[in-house]
Protein chains: 2
Amino acid sequence: MALEIPEVVINRLPIYARALAALAEQGETVVSSQALGQALDVTPAQIRKDLSYFGRFGKQGRGYNVPGLLTRLREILGLDRQWHVCVVGVGRLGQAIVEYGGFGPQGFQIVAAFDADPAMVGRRVGGITVRAATELDGFLHNNRVDIGVVAVPAAVAQQVVDQLVKAGIRAILNYAPMTPHVPRDISIRHIDPVIAMQSMTFYIKLAEGGGK
Amino acid sequence: MALEIPEVVINRLPIYARALAALAEQGETVVSSQALGQALDVTPAQIRKDLSYFGRFGKQGRGYNVPGLLTRLREILGLDRQWHVCVVGVGRLGQAIVEYGGFGPQGFQIVAAFDADPAMVGRRVGGITVRAATELDGFLHNNRVDIGVVAVPAAVAQQVVDQLVKAGIRAILNYAPMTPHVPRDISIRHIDPVIAMQSMTFYIKLAEGGGK
DNA sequence: TTCCGTCTGTTACGGATTTCACAACCGGAG
DNA sequence: CTCCGGTTGTGAAATCCGTAACAGACGGAA
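Q: Explain the relation of the copies chain B and chain A to me, and be specific about the residues and the numbers.
A: Rotating chain B by 180° and moving it 0.0 Å along the rotation axis overlays it on chain A with an RMSD of 0.1 Å. Here the symmetry operator amounts to a two-fold rotation axis. Here 100% of the contact residues of chain B are again contact residues in chain A; the copies associate through an equivalent surface.

What follows is the structure, given as structure tokens:
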């Protein structure tokens, strides 16, 4: 019904999909919003409401068909396709990303990696050959790349992001410790363990005695 | 004033602090909420409102004193202290975490790493010696550890989290691709690049033509 | 067939968060 | 000393989001 689906809802769908995949793995064929909510620490009402943005997937009195709902969620999110990812920056962090085996099985194929360091160019990392940063533009124009992963120092991250955006990339996963500026129609997500820790310390401190 | 500060506000403070640190680095001594908002893509009103939960830090007509506000934010968040972190799971991901140089300079000191694999135990990674998983409980009881980083397979993550919580840890940074259950008074943050990508694909697909 | 327990989809409500708008304030110029 | 452009802090309004509650539907039991 609604063409305006809140972003918070979209962000929860992959979590639901992952939980459903785990249930399917265990051979479960049916799950209620209550059971799913219990596993994920969200209220059943929230799950039902979120799903209702996209259609009616459940059966009253029964619950949801696990493989069926999983398939629909994967369609909605586009997880039934293969996505092409490139990694910019093949330092320690970039290498870990390229070598990480968790993307491929989920349909995210790393098709290229770039680095500005000449000593890095030409080396094979995780099965692909590192290209020169100067080849980035050309590569993006000659190959479909859906998502750019930014793993460069903060000082050059904005420049890399601009380059990716100008080349037509629509989604960016940013590992650099800064907040790059992107046009409104580009998706960006930030992976920043330090920032995550820095918000938790507030609560540790609070629990330790509130006082300063 | 308020003893009930929204969590979203707390989560934004480290971002503000980081931006202020960058400004201080450049020698800026004063910044307005407008200028800061422009750099971070948030509204000036939001910044002012967020800061107002903690006091009055600005001067009308001038803005905020950069080093002064930075110091206050770091106090509020507890970033003026040294925090002790342990890493559980020293596979590829855990190794990358232990070797990552970004935690130390921000006051997060990795004091121990644990792994269940006997082949891993005793090896030195990033300057520390990997301990056996069986030593985890003992270590946590004999040493102050503030934050636990979980980098184990999803199948055993809940078990590790439970162990950390039982030993008195108050904050967890979870890299495992699942959602562990924790008591309400424990902070937990999730680092999951796959989930992040999976919400962006929805928008890529949307932009590609809306239709399925 | 009818009844009953269960569970969805949805609407209405309430709370939380963001944005708006403006009075109060600051410091410098004249 | 007074005026003025610029900026904060903040209550009020608007928006967004989550929760509650219930009508309607389903499947099995009798």
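Q: Provide a residue-level description of the pattern of salt bridges, including the pertinent values.
A: Should their charged atoms come close, side chains of opposite charge can pair. Counted under the stated rule, the structure contains 16 salt bridges over all chains. Where Glu208(A) meets Arg81(B), a salt bridge forms, and the shortest distance between an N and an O atom there is 2.9 Å. Placement of the pair is Glu208(A) in the segment after helix 8 (193–207) and Arg81(B) in the loop between helix 4 (66–77) and strand 4 (83–88), with the two residues belonging to separate chains. Assessed through its relative accessible area of 47%, Glu208(A) is described here as partly exposed. On the basis of relative accessibility, which here comes to 29%, the residue Arg81(B) falls in the partly exposed class. The closest approach of N and O atoms between Arg144(B) and Asp146(B), which form a salt bridge, is 2.6 Å.

Q: An account of the interface of chain B and chain A is requested, with residue identities and associated values reported.
A: Contacts between the two partners involve 58 residues from chain B, matched on the other side by 60 residues from chain A. Each partner contributes to the roughly 5,500 Å² buried at the junction of chain B and chain A, and carbon and sulfur atoms together form 66% of this total. Taken together, chain B and chain A are joined by four salt bridges. Summed over the shared surface of chain B and chain A, the result is 23 residue pairs in polar contact (both at pLDDT 80 or more).

Conventions used here
Position labels on residues start from 1 in each chain and follow its written sequence. Labels are handed out in written order, letters beginning with A for the chains and numbers beginning with 1 for the ligands. Totals for whole chains, interfaces and linings use all residues, but because this is a predicted model, local features are given only for residues with pLDDT of at least 70 and pairs of side-chain atoms are given and counted only at 80 or more. Note that water and hydrogens are dropped before the side-chain values are worked out from all heavy atoms of the structure. We superpose the copies by least squares over the C-alpha atoms of residues that have a pLDDT of at least 70 in both of them. The contact rule is simple, with two residues in contact once any of their heavy atoms fall within 4.5 Å. Any Lys or Arg side-chain nitrogen located within 4 Å of an Asp or Glu carboxyl oxygen qualifies as a salt bridge. Secondary structure elements are defined from DSSP: runs of H or I of at least 4 residues count as helices, runs of E of at least 2 residues count as strands, and each element is numbered from the N terminus. Each residue is placed in one exposure class: buried if its accessible area under a 1.4 Å probe, protein chains only, is under 20% of its type's maximum, exposed if it is over 50%, and partly exposed if it falls in between. Once two parts are joined, some of their accessible surface, as seen by a 1.4 Å probe, is lost; buried area is that loss totalled over both. Whenever a nitrogen or oxygen atom comes within 3.5 Å of another N or O atom, the pair is scored as a polar contact, on the condition that within protein one atom can donate a hydrogen and the other can accept it, and that pairs from neighbouring residues in sequence are kept only if both atoms are in side chains.

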